[in-house]
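Given next are the chains, with one letter for each unit.
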Amino acid sequence: MSRNIKLCHPRLQELAGKLVSECAKQGLIVKLGECFRSVEEQNALYAKGRITSGNIVTYADGSSYSSMHQWGVAFDVIRNDGKGAYYDNDGWFSKVGAIGKRLGLEWGGDWVSPVDKPHFQLPDWGSTPTKLKRLYGNVNNFKKTWEVDDMTEAEVIKIARKEANDMVYRYVDRVYNRVFEIPDWGRPTVEKLIDKGILRGNENGLYISETLLRVLVINDRAGLYD
Ligand SMILES: [Zn+2]
């Protein structure tokens, strides 16, 4: 089993961190227990009491993706104040459950069968993996959507690209190919130069850049073409 919350959905990671710190403020020392469970790990659990020794602990094999832990949207908590990982005679788990619910998590302690007080999950897809299975089939497909929650980097790249584009656009000289395209302040100069046979352009037209147009107009005003 994996206690690495980093393998879970980004929003679950955030909420797990908040739960631990909110609980600590109230003297409830919470440690994260099982978080993400791989197909292999679920298969190993399924084998218990079937292929390996011990009692049967689950009816779900790994490929059925029947545990929310396999979808990276659930974690379990453990009591970590020395009284015992699951000691609950003082209602410790219900206090933690109430804080988790206030943060927006679904709490397994609210379930009827089985009541699962150490369990928390994201509420978005319902209590069971039915909807996730229908939508994504397996956890790898589901993970592709996790990026959507983490738009920061993608947004930054998008904005940076647009900035770069705008900058290039600003620095690219506009080119005029037809007389009617030329702004009023430059047209008399261009007409004069065409009349005199000085300006001929190329196969595309006049091919006068904005910068060149300014130079021509300044020269014209200085009387160079008279
Ligand atoms: Zn659980």
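Quantities reported herein were computed from a predicted structural model and do not represent experimental measurements. (Residues numbered from 1 in each chain as written. Predicted model: local features only at pLDDT ≥ 70, side-chain atom pairs only at ≥ 80, totals over all residues.)

## Side note on the overall build of the protein chain
And then number 1: The number of helices and strands found in the protein chain is 9 helices and 6 strands.
And then number 2: In summary, the protein chain has a C-alpha radius of gyration of 34 Å against a globular reference of 17 Å for 226 residues, an excess of more than 25%.
And then number 3: Principal-axis analysis of the C-alpha atoms gives the protein chain an extent of 105 × 40 × 25 Å.
And then number 4: Going through the 226 residues of the protein chain one by one, you find that 22% of them count as buried.
And then number 5: Nonlocal contacts in the protein chain, meaning residues at least 24 apart in sequence, comprise 64% of its contacts between residues at least 6 apart. (Helix = DSSP H or I, 4+ residues; strand = E, 2+ residues; numbered from the N terminus. Rg over C-alpha atoms; globule rule 2.2 N^0.38 Å. Buried ≥ 20, exposed ≤ 12 C-beta atoms within 10 Å, placed from the backbone. Contact = placed C-beta atoms within 7 Å.)

## Notes on the pairing of strand β2 (residues 74–79)
And then number 1: As defined by bridge partners, strand β1 (residues 30–32) adjoins β2 across 3 bridges and the pair is classed as antiparallel. Note on β2: the bridge partner recorded for V30 is R79.
And then number 2: Where β2 and strand β4 (residues 119–121) come together, 3 bridges link them in antiparallel fashion. Its bridge partner being in β4, F75 is matched across the sheet by F120. (Pairing = 2+ DSSP bridges.)

## Considering helix α3 (residues 92–102)
For an α-helix, 3.6 residues make a turn, and residues three or four places apart therefore share a direction.
And then number 1: All buried positions along α3 are accounted for by W92, F93, V96, G97, I99 and G100. The arc that holds the buried residues of α3, viewed along the axis, is 165 degrees, so those residues lie on one side.
And then number 2: Looking at the packing, one finds that the buried side of α3 touches α1 (10–25), β1, β2, β3 (106–107) and β4.
And then number 3: At the exit of α3 stands G104, carrying a positive phi of roughly 105 degrees. (Arc of directions from axis to C-beta.)

## Some remarks on the domain arrangement of the protein chain
Accessible area lost upon the coming together of the parts serves often as the stated size of an interface.
And then number 1: Looking at the assigned domains, one finds that the protein chain contains domain 1 (5–149) and domain 2 (175–221).
And then number 2: Here the C-alpha centroids of domain 1 and domain 2 sit 72 Å apart. (Domains from an automatic or database assignment.)

## Things to note about the packing of helix α8 (residues 187–195) against helix α9 (residues 210–221)
And then number 1: One way to put it is that α8 packs onto α9 with a least axis distance of 9 Å and a crossing angle of 80 degrees. Relative to α9, α8 is oriented roughly perpendicular. From α8, T189, K192 and L193 reach across to α9, where they touch L216, V217 and D220.
And then number 2: Residues that form the contact of α8 with α9 fall into these classes: 3 nonpolar, 1 polar and 2 charged. (Axes fitted to C-alpha atoms, helices over the stretch in contact; angles between N-to-C directions. Parallel < 35°, antiparallel > 145°, perpendicular 65-115°, else oblique. Nonpolar A, V, L, I, M, F, W, Y, C, P; charged D, E, K, R; others polar.)

## Topic: unusual backbone geometry
And then number 1: Unusually for a residue other than glycine, Y65 sits at a positive phi of about 50 degrees.
And then number 2: Mapping Y65 onto the fold places it in the loop between α2 (39–47) and β2.

## Describing the sheet that holds β3
And then number 1: Read across the open sheet, the 4 strands follow the order β1-β2-β4-β3; overall the sheet is antiparallel. For this open sheet the edge positions go to β1 and β3, each flanked by a neighbour on one side alone.
And then number 2: Where α1 meets the sheet, it contacts β1 and β2, and its direction lies at approximately 160 degrees from that of β1.

## As for the nonpolar core
And then number 1: Core analysis: the largest hydrophobic core is formed by 25 residues, its most contacted members being C8, L12, W71, V73, F75, V96 and F120.
And then number 2: Listed by contribution, the elements that provide at least two residues to this core are α1, β2 and α3.
And then number 3: Leaving out residues up to four positions away in the same chain, W71 has contacts with Y65, P129, L132, V139 and F142.
And then number 4: Y176, L206, I208 and L213 belong to the second-largest nonpolar core, a separate cluster that totals 5 residues. (Core = buried A, V, L, I, M, F, W, Y, C linked by C-beta atoms within 7 Å.)

## As for the environment of R214
And then number 1: Looking at where R214 falls in the secondary structure, it is placed in helix α9.
And then number 2: With 12 C-beta atoms packed within 10 Å, R214 lands in the exposed category.
And then number 3: Between the alpha carbons of R214 and I194 there is a distance of 16 Å; along the sequence they are 20 residues apart.

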